[in-house]
Structure formats: C-alpha cells, structure tokens
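Spelled out, the chains give:
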Amino acid sequence: MAIWEISVFFAGLLIVGLILVDTLRSGISPMPSSRKAQKAMLSLMPESINGPVYELGSGWGQLALAVSHKFNSVPVIGYEMAVVPWCISRLWLFVSRNSNVTFRRADFRHRELGDAQMIVCYLFPGAMTHLAQQLKQELQPGSVIISNTFRLPGWEPEKVLELDDMHRSQIYRYIVQ
Ligand SMILES: C[S@@+](CC[C@H](N)C(=O)[O-])C[C@H]1O[C@@H](n2cnc3c(N)ncnc32)[C@H](O)[C@@H]1O
C-alpha cells in the first residue's frame, strides 16, 4: 500500500470516528432533512422576518443556507456541535459566499436565543423536551418555531403538515403566545 493510500484510509477512519463520537454525544446523527421536508418547512415560514433566525443543530448546513436565500436581509445562525458536519457547513458557506449566514460550533442549550424571530430544527425527542422549556423562557411573543418530525412537548402546534414520505413525517409550526 502506498503512503497516500494509508493516509486516505486513516483520514477516512478519523472522520467516521469523529461522526460516531459526536452522534453518541449529541444523541442524534447529522442526517439532513429530506428535500420534501425542507420544502415543507420553507412553505410554513412567514413571508417576511425582521430579526435573527436560528437553526438548532444545523448539521451539514443545507437547510440554513436554504433559509438564508428566502430571508436574505436577516442573520441566519446555525448552531452545530458535531465537528465534521460543522466543517462541511463552513465549506458550503465559503462556496456559496452567502453573507447573512453564520455557522457556530456550539451547543445551543447553552446559548441565548431570546432575540430569535424564528427557530428551525430537526432534532430528537430528548432535545425537544429541553427546548420546550428553554424556548418558553426565552422567546418573545410572535416568534415562530418550525420543527421537522418532532413535537415540542406541552406546546400546541398552530399548523401541522404531513409529508407523503415513507414515515408520513410531520412538520410542526408553533407561534409563541
Ligand atoms: C438530524 S440532524 C439535522 C440537520 C439539519 N438541521 C437538517 O435538518 O438538515 C441534527 C443535528 O443536530 C445536532 N445537535 C444535536 N443536539 C445539539 C445541540 N445540543 N447543540 C448543537 N447541535 C446539536 C447534531 O449534531 C446533528 O447534526
């Protein structure tokens, strides 16, 4: 085996290992929202927004970039704790040269979200239980939350869309009262 082949092998192993460790740490893999889900999420968003949008667990960055194309005059901030997807999202950002998006490597549970006009997420039940409390305490009335697949426990969605995919996935929209 040539040196470069060995290097590629170990680099691949390191990347897969990092993804696995981060998946165990966060509780969810960086699986992106499907195209159908992304389209439905965008369709549930208001026509205009006049403050920051946060994507919680921004993964590889595609959803945040799509949101930033829809709302190009407000900051779109993606929080992602897994290192490999976060690096790739930075790469996409560099390629797209989109100036209103920022990808931050951070755990959103320790970030202040009070100025959010909209929250977008595709997480898992445990994270939604935490968010149900955090968002209730921090968000201002009128803020919008769009969640792929998972409900916010104790919150009443204002609108639900069902996708015609294998799992009949649901997209939830909440408006903070
Ligand atoms: C299912 S993926 C969704 C990716 C992207 N939002 C999308 O819809 O295409 C969930 C992501 O949330 C991240 N995540 C989970 N908990 C997190 C936390 N507390 N802080 C930051 N990122 C988190 C995971 O690392 C993973 O990349």
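Further up the page is the structure itself.
Along each chain, numbering runs from 1 in the same order as the chain's sequence is written. Given that this is a predicted model, residues contribute local features only at a pLDDT of at least 70 and side-chain atom pairs are listed and counted only at 80 or more, while totals for whole chains, interfaces and linings are drawn from all residues. Excluding hydrogens and water, the side-chain values take into account all heavy atoms of the structure.

Caption draft 1: View of unusual backbone geometry. Backbone geometry at R97 places phi at a positive 55°, although glycine is not the residue there. Only DSSP runs of H or I with at least four residues qualify as helices, and only runs of E with at least two residues qualify as strands; both kinds are numbered from the N terminus onward. Secondary-structure assignment places R97 in the loop between helix 4 (83-96) and strand 3 (101-105). Phi at T149 takes a positive value of approximately 75°, unusual for a residue other than glycine. Note on placement: T149 falls in the loop between strand 5 (144-148) and strand 6 (159-162). Residue burial is assigned from relative accessible area. The probe radius is 1.4 Å, only protein chains are included, and a residue is buried under 20% of its type maximum, exposed over 50%, and partly exposed in between. A relative accessible area of 27% means that T149 is categorised as partly exposed.

Caption draft 2: The packing of helix 2 (residues 35-43) against helix 3 (residues 62-70), seen in detail. Simply put, an axis is a line fit to the C-alpha atoms, just over the touching stretch for a helix, and the angle between two N-to-C directions goes from 0 to 180 degrees. At a minimum axis distance of 11 Å, the contact between helix 2 and helix 3 shows a crossing angle of 35°. Seen from above, helix 2 lies across helix 3 with right-handed handedness. Here Q38, M41 and L42 of helix 2 lie close against helix 3, whose contacting residues are Q62, L63, A66, V67 and K70. By the definition used in this description, the sense in which the near helix is turned from the far one sets the handedness, with an anticlockwise turn below a right angle giving left-handed and a clockwise turn giving right-handed. Contacts were defined at the residue level, with two residues in contact if any of their heavy atoms lie within 4.5 Å.

Caption draft 3: Just helix 5 (residues 125-138), in detail. By definition here, a helix of n residues has an expected span of 1.5 Å times n minus one. Helix length check: helix 5 (14 residues) gives 20 Å between terminal C-alpha atoms against 20 Å at 1.5 Å per residue, within 8%. Maximum bend of helix 5: about 25°, positioned at L131. Those residues of helix 5 that sit buried are A127, M128, L131, A132, Q134, L135 and E138. Buried residues belonging to helix 5 abut strand 1 (53-56), strand 4 (118-121) and strand 5. Bend is computed residue by residue as the angle between axes fitted to the seven residues ending at the residue and the seven residues starting at it.

Caption draft 4: Local environment of the sheet that holds strand 7 (residues 170-175). When DSSP finds two or more bridges between a pair of strands, those strands are recorded as paired. Judged by pairing direction, the sheet is mixed, and its seven strands sit side by side in the order 3-2-1-4-5-7-6 without closing on themselves. Both edges of this open sheet fall to strand 3 and strand 6, since each of them pairs with a single strand only. Across the sheet, the axes of successive neighbouring strands diverge by a mean angle of 15°, strand direction being ignored. For strand 5 and strand 7, the ladder comprises five bridges, and the chain directions are antiparallel. The partner of I146 across the bridge, within strand 7, is R173. Sitting on the sheet, helix 5 touches strand 1, strand 4 and strand 5, and the angle it makes with strand 4 is about 175°.

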